[in-house]
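# Structural overview for review
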Amino acid sequence: MKKMILVSMFVIVGLAMSGAHAQDESTEQSLFDKYGGYPTIKTVVNQAATALLADPITAPFFVVIGKPGHDSVDRLLSCLDLQFSTVFGGPYTYPSVSHFRSAPTQGYACEDMKTAHTGLKITEAAFDRFVTIVAGVLKKNGVSDADINTVAPVIVGLKGQIVGQ
Amino acid sequence: MISAKIKKYFSRGALGLLAFGIFFVGFVGYLHTPSGRQLPIARKLLTAFGSSCPADAMTSSDMDQVRKFAAENFASLPSAPEKKVLSFMINKSTKADVDQWLLRHHGKCTSGIRGYAFLKCQNTFSWAGVSEVDFSFSQNNVLVAVDVLRNRLTASEASSVVKEIFANLKQSLGPPSLQTGELTDHSFRKDFETLLVEYNYSDYTARVSVSVLPRSGVAIYEQYLSLIQM
């Protein structure tokens, strides 16, 4: 009997602890919410795009933008919004359909990284440039080094799908 | 009789070729559409069919158009007092000036055109950690951008290089438009520790981004960019 009571107590305490842990996890604020949600993501994407498009070395990778049958600036920025929102732990998944910016009713279908970069022959140096620019833009928008260290590895993890395709 | 057979085969062959041609053109056209591009093999097929890297096909007016989008964000700012980089003046120095300078510094570079003409100098300079210097020129062969990429630096190498870059910028342009992060003796010790300095004007932007990339050391990317369409 004593043994049964002891086991039951362990079970109850265990359940209570796991319940508390689950509650902690569900109430933990995502970086998306911590930094002000979509408006901050939009600013980050705008500033990163500006730094990449102003530079004659990185701009050619965006050459098809605005041409018939290819990305419009709005679609590119909309898909980047979706990707960054996802990386920041927002309630989204990437790749999927983005409804950000001036997306049509059905949204913009955003490609996976490998498909989006196939044929662009992006070098490792170009990728390092991109990551450095994005990290700078995040910092500019008040994201702490510790949080950059949380999100940037996700972007760096995509390197294999972006470089040399 | 024979000629009628030949005619029949010929017309069948021609019809087949025509049908294949229409299918091919239609299929390649489809691969260029947003839904066609979703096919996992779309880009590979386009490359196999002779469609080159779109970046290689960029014209100078394409480049102007893309850069105009970026430059609009700086339009309301005052113009730059100076646009000095290395020994050059952005928007004034010419390709001939850069060629002479490269000759003096034994720089070995490749040239090409991607929208603008460029000189790409990889692993050619003995400056600390410089892995690539790129010079871009307008249609009139005027220097419009200089990019310097340094990577695989240690924390102490990066600190001394950044100190020098900041001092040069301060001397020619004064205090920056924006600086995030402080340069200390303990800088660049943690992954993705980041520092950014920007000088923004309506006709020019100078930007230094520094970040610690895991397993590849500190990367410093300097961008000195004209924002004028030339």
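This one's a predicted model, so the numbers in the text were calculated from it and none came from an experiment.

The rules behind each value
As a convention, each chain's residues are numbered from 1 in the sequence order in which they are written. Chains and ligands are labelled by the order in which they are written, letters from A for the one and numbers from 1 for the other. Thresholds applied to this predicted model are a pLDDT of at least 70 for local features of residues and 80 or more for the giving and counting of side-chain atom pairs; totals over whole chains, interfaces and linings are not thresholded and use all residues. The side-chain values count all of the structure's non-hydrogen atoms but skip hydrogen atoms and water molecules. Here, axes are lines fitted to C-alpha atoms. For helices the fit covers the stretch in contact, and angles between N-to-C directions go from 0 to 180 degrees. Counting from the N terminus, the helices are the DSSP runs of H or I reaching at least four residues and the strands are the DSSP runs of E reaching at least two. Orientation labels follow simple angle bins: below 35 degrees gives roughly parallel, above 145 gives roughly antiparallel, 65 to 115 gives roughly perpendicular, and whatever is left gives oblique. Handedness of a crossing is defined here by the sense of rotation of the near helix relative to the far one, left-handed for an anticlockwise turn of less than a right angle and right-handed for a clockwise turn. Contact criterion: two residues are considered in contact whenever any of their non-hydrogen atoms come within 4.5 Å of each other. Residues are grouped as follows: Ala, Val, Leu, Ile, Met, Phe, Trp, Tyr, Cys and Pro are nonpolar; Asp, Glu, Lys and Arg are charged; all remaining types, including Gly, are polar. For any pair of parts, buried area is found by adding up, for both, the accessible area (1.4 Å probe) each one loses once the two are put together. Think of a salt bridge as a Lys or Arg side-chain nitrogen and an Asp or Glu carboxyl oxygen that are within 4 Å of each other. Under the rule applied, a polar contact is a pair of N or O atoms within 3.5 Å (in protein, one hydrogen donor and one hydrogen acceptor; residues adjacent in sequence only if both atoms are side-chain atoms). A strand pair is defined by DSSP finding two or more bridges across the two strands. Exposed residues in this analysis have more than 50% of their type's maximum accessible area, buried residues have under 20%, and partly exposed residues fall in between, with area computed by a 1.4 Å probe over protein chains only. Values of pLDDT, the confidence the predictor places in each residue, fall between 0 and 100. Think of it this way: a Phe, Tyr or Trp ring, Trp meaning its six-membered ring, pairs with another when their centres are within 6.5 Å, and the plane angle makes it stacked under 30 degrees, edge-to-face over 60, tilted otherwise.

## Comments concerning the packing of helix H3 (residues 38–53) of chain A against helix H6 (residues 124–140) of chain A
All names here are of chain A. Close contact between H3 and H6 brings their axes to 9 Å; oriented N to C, the two are set at 140°. Here H3 is positioned oblique relative to H6, judged by the angle of their axes. Crossing of H3 against H6: the hand is right-handed. On H6, the residues that touch Val44, Gln47, Ala48, Ala51 and Leu52 of H3 are Phe130, Ile133, Val134, Val137, Leu138 and Lys140. Looking at the contact of H3 with H6, its residues break down into nine nonpolar, one polar and one charged.

## Focus: the environment of Phe88(B)
Residues and elements named next belong to chain B. Along the chain, Phe88 falls in strand S2 (residues 88–89). Sequence separation between Phe88 and Val98 is ten residues; the distance between their C-alpha atoms is 7.9 Å. Phe88 has contacts with Lys83, Ser93, Asp97, Val98, Trp101, Phe135 and Leu143, leaving out every residue within four places of it along the chain.

## Structural notes on the interface of chain A and chain B
Contacts between the two partners involve 47 residues from chain A and, on the opposite side, 50 residues from chain B. Interface area for chain A against chain B, summed over the two sides, is near 4200 Å², with a carbon-plus-sulfur share of 62%. Of all residues in chain A, the largest losses of buried area upon contact with chain B belong to Pro56(A), Arg129(A) and Thr132(A), amounting jointly to 14% of the total for that side. Taking the shortest distance from any N to any O, the salt bridge between Arg129(A) and Glu132(B) comes out at 2.9 Å. Across the chain A-chain B interface, the total number found is twelve residue pairs in polar contact (both at pLDDT 80 or more). Going through the elements one at a time, H3, helix H4 (73–87), helix H5 (113–117), H6 and helix H7 (145–156) of chain A are the ones with two or more residues in the side of chain A that touches chain B. Examining the composition of the side of chain A that touches chain B, we find that twelve residues originate from one element, H6(A), more than from any other. A class-by-class count of the residues in the side of chain A that touches chain B yields 25 nonpolar, ten polar and twelve charged.

## Details of the sheet that holds strand S9 (residues 204–213) of chain B
All names here are of chain B. Pairing in this open sheet of eight strands is antiparallel, and the strands run S3-S4-S5-S6-S10-S9-S8-S7 from one edge to the other. Sheet topology places strand S3 (110–114) and strand S7 (178–180) at the edges, where each strand pairs with a single neighbour. Pairs of neighbouring strands in the sheet enclose a mean axial angle of 10°, with direction left out of account. The pairing of strand S5 (residues 130–137) with strand S6 (residues 143–153) spans seven bridges and is classified as antiparallel. Bridging across to S6, Phe135 finds its partner in Val146.

## Let's talk about the pairing of S6(B)
Residues and elements named next belong to chain B. Burial runs high along S6: ten of the eleven residues are buried. In the sheet, S6 pairs with strand S10 (residues 217–226) via seven bridges, with the strands oriented antiparallel. Of the residues in S10, the one forming a bridge with Asp147 is Gln223.

## Here we look at the confidence of the model for chain A
In the predicted model, chain A carries a mean pLDDT of 82, and the fraction of residues at 70 or more is 78%. Contacts of residues 18–25 of chain A to residues separated by more than four positions or lying in other chains number zero contacts, the stretch itself having pLDDT below 50.

## A word on the packing of aromatic side chains
Residues and elements named next belong to chain B. For the coordinates displayed, the defined rule picks out nine aromatic pairs over all chains. On the numbers, 5.3 Å between centres and 70° between planes, the contact of Phe88 with Trp101 is edge-to-face. Note that Phe88 is positioned in strand S2 and Trp101 in helix H4 (residues 95–104), a separation of 13 residues in sequence. When sorted by exposure, Phe88 lands in the same class as Trp101, which is buried.

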